[in-house]
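A structural walkthrough
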Amino acid sequence: MKKKLAFTCSLLVTTIFSCDIVTLSDALARTVKKSAAAKPSVTPSAAPAAHRKRATGPMHASGGGENVSVSVRRRSAPAHILVSKAAIERLAPGMNPMAALNQSPGVNFQSADGQGTSTWSTQIFMHGFAQSEVGMTLDDMPLGEMTYRNYNGVNPILASAPENVAGIDVSQSAGAEDVASTNNLGGSLAYRTIDPSHKLGGSVQQGFGSYSNYHTFVRVDSGDLNSIGTRFYVSYVRNDQQKWKGYGEQFQQQVSAKFIQPVAEKSSVTAYFNYYDLHENVYQDMSPEILQKMGNKIDYYYNGKNSGYLTAINAAKGIYPAGYEKLSDPLDASYYEGPTNETGYLGYIKSDLTLTDRIKWVTTAYGHGDSQQTGWTSPYYGSPNGSPLSEIVKEPGIRRFGILSRVTYDIAKNHIGAGVWYENNSYQSPMYAYSLPNVVNGQVMGSIPNPLGHYSNPFDQIFNQNYNSNTFTAFVNDTYRPINNLALHFGFKSLLSTQRVGDGHLSSAYYGNNDTITSGESLTTAKAFLPHIGVDYRFLKHHEIYIDISENARNYMESGFKLSASPFAVTQEAYNASRNSIRPEKAWTYAIGYRYSDPLMDASVYAYRTNFSNRLQQITAGSVINPISAVENVGGVTMNGVDAQYVIRPISHLAISNSVSYNHATYDNNITQQGTLYHTKGQQVVNYPRFMYKANLTYDWRSLSFYIEGIYLSHRNYDYSGQLHVPGYWLSNLGLQWHVKKPSDKGERLGGFVKGLTLSFNLNNITNQTYIATMGENGNPLDSASGYSYQSMILGMPRTAFGSIRADF
């Protein structure tokens, strides 16, 4: 069998590459050989499992101008990183703005597709915390928890077109008490959208790339409609690409509009609306066993033809394609297909009022609706027409509305703030089974449904739960400046959240028993005092030191049955057994940082310690088809880490950045399951590297802009016992822009009407590295015995090229 090569490449700031060749499957195999002696097979517990049948495994620079891809802005309390619009525009057309964060120390962004837009595979980690523990907002509007099949919001890539994102404000600690979030244990990402232009005009961008990638963006700005500056814009974005392996399309489109009505001199009312529509065939989840025995090219059987369906039918009958017989469970290795379909809309109305020179009042009212169909073809539950296959489709829906309001008051040497946030969220979580055609004498009896279409007329409702939650938070803070170069911050947040679940249903035909699902129950998270203390001291001319201490807590997860560490998503019996020991997860973070900044160089060091307690984890045992599942409090995680970064500007328009990150994040307790002790205590947390190194060079020369970057990740733990590791890798990207005419340039317009014209080229994964990108999308196994064949990793994109042309009018 031909083995694929993974290249370990070092990108130096002098743009010299040195490469060592490592075989990915061999590297994974070595981790198995080094693991402890195999224990009896245990069904791994799960975090959000999307396409797997299993409900398994537990989851869990200072600013240098626009030449630097990520600049740092300091507030008086926690350290913040500001990702600028210029940094986002350097990325490939349609690229997820989160990718710009990958040059920030301590942050790890991953995706299996070339633009980072797949909601199934997209992941972001910050200082050891997963995306489900990072708060996210858009223009103050909460976006909820960034998980697949989001239960209280939406992935940011669907909330705004990348071209409409003005920047991302990143809080590195849990202490951003004014953020409308109930899950920001590990920080927050605050997206900001651009405002409509004061001048009539617009922008058109057409991008193209490898694997039939096409990206189209159009925005029209009204300009000022009257003397006080009333204005709006409307935009449309369409992104379409084919999978790089297997077969299938990945498509999304959005329509956005923003309206600003000035009120008096320094006040305004803003309205925002966004409609999104996503349809994608995702990549198959891989396991160490599959990579070692079959390589990295296998995918779903779906090929857009009847032959792919016939292959899936034969596999369900035990007749597998060549090579599958090598696997321990060939039936479970590949399915026919696994689509994602999601449609929704969101919007807000915001009043930003300057009442006096000292008092400002901002209020935002918002609403959001979302519906999804995410499926997989099951060979374990046949259709009534005799087909051994059926389509299992989860169909969650969200309807939520809320309001947040805050007031700031400047008096003497104090900047005082206070605010409240309320949200009601209705979340429905059903799963249905749909019939697929039978095959008789080699002929498909009927039409095969389009996986990216709409499924209707199910023959069975497998499970259902309806959730309703009411969330209220309030905060008060004060930043006091006794002298100009010293800021003392104190604030706290209060959290009250009540979550109820009802209308429970389980299919006895599917699960083969008479169990009942949790229903008619509620849990309340109440934390009256979550403090945040900060000190920021600037001394001499270029030096700054700061301290940040904060506590935060989160409410309980919600999900479909056995799909996460939600205490509700289990049987009624399991809920009754654990209800008295379940507590809200919380975290204390202590941080100290230093910065130096002058025209030639910026340097920073950020050290932190986090104590993460009451960690909830899904524990499962028994059959992999219908496991016995419970959610338990399994203890805590202790994190100690440090980030260091410097940026030098030796000549005008040239910036060179280097950073290192070290994160020692380990579990505090062992886990006992079905009488077996798993030695998880002291092991590095799963899916997040202990060490990262990042280098970046940007250079602007006349009308040309160039960047090249390299990122190294050390190995990542795949199982909780630290026996299986995904090998480390280097990844490098570059981009070039030719500004034929910048919008800010003076002189005549091109052709009399084009005020800006830019051509761009991007090359991602320059060395064609074969590497594991996404990990833990189906949860993580407890040890190597259960983890070797456990499919919960997705390969990253091979070398991919993009080009685009953008015109501004």
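We now turn to the structure provided with this report. Remember, predicted model here, so these are calculated numbers, not experimental data. (Residues numbered from 1 in each chain as written. Predicted model: local features only at pLDDT ≥ 70, side-chain atom pairs only at ≥ 80, totals over all residues. Heavy atoms only, no water.)

Its volume calculated, the second largest pocket comes out at about 1,100 Å³. For the second largest pocket, the lining is made up of 41 residues, of which Lys85, Glu89, Pro743, Arg806 and Asp808 are closest to its centre. Those elements that provide at least two residues to the lining of the second largest pocket are α2 (85-89), β11 (201-209), β12 (213-221), β40 (729-741), β41 (756-764) and β44 (800-808). (1 Å grid on protein atoms, 1.4 Å probe; cavity = no way out; pocket = protein on both sides within 12 Å on 5 of 7 lines; lining within 4 Å. Points joined across faces, edges and corners; volume = space filled by probe spheres on them. Helix = DSSP H or I, 4+ residues; strand = E, 2+ residues; numbered from the N terminus.)

Let's shift gears to empty space enclosed by the protein. Considered as a void within the structure, the largest cavity measures approximately 360 Å³ in volume. The set of elements that each furnish at least two residues to the lining of the largest cavity consists of β5 (107-110), β37 (704-713) and β40. Broken down by element, the lining of the largest cavity gets its largest block of residues, four residues, from β37. Split into classes, the residues belonging to the lining of the largest cavity amount to 13 nonpolar, ten polar and two charged. (Nonpolar A, V, L, I, M, F, W, Y, C, P; charged D, E, K, R; others polar.)

Attention now goes to the environment of Val263. Looking at the secondary structure, you find Val263 in strand β14 (residues 249-263). Excluding residues that lie within four positions of it along the chain, Val263 makes contacts with Ser268 and Val269. (Contact = heavy atoms within 4.5 Å.)

Turning our eyes to something else, we now look at the nonpolar core. Tyr309, Ile392, Ile462, Phe463 and Tyr511 are the most contacted members of the largest nonpolar core, which totals 50 residues. When residues of this core are traced back to their parent elements, those giving at least two are α4 (288-294), α5 (306-316), β21 (431-435), β24 (460-483), α7 (508-511), β42 (772-775) and β43 (793-795). With four residues, α5 is the largest single contributor of residues to this core. Leu138, Met146, Val170 and Tyr233 belong to the second largest nonpolar core, which has 43 residues in total. (Core = buried A, V, L, I, M, F, W, Y, C linked by side-chain atoms within 4.5 Å. Buried < 20%, exposed > 50% of the residue type's maximum accessible area, 1.4 Å probe, protein only.)

This part covers the pattern of salt bridges. If you walk through the whole model with that rule in mind, you get 16 salt bridges. Among the salt bridges present, the one from Asp299 reaches Lys243, with a minimum N-O distance of 2.6 Å. Of this pair, Asp299 sits in the loop between α4 and α5 while Lys243 is found in the loop between β13 (231-242) and β14, placing the two residues 56 residues apart along the sequence. Asp808 serves as the salt-bridge partner of Arg806, at 3.3 Å between the closest nitrogen and oxygen. Grouping residues by exposure puts Arg806 and Asp808 together as buried. The structure contains a network of salt bridges with shared partners spanning Asp139, Asp195 and Lys258. (Salt bridge = Lys/Arg side-chain N within 4 Å of Asp/Glu carboxyl O.)

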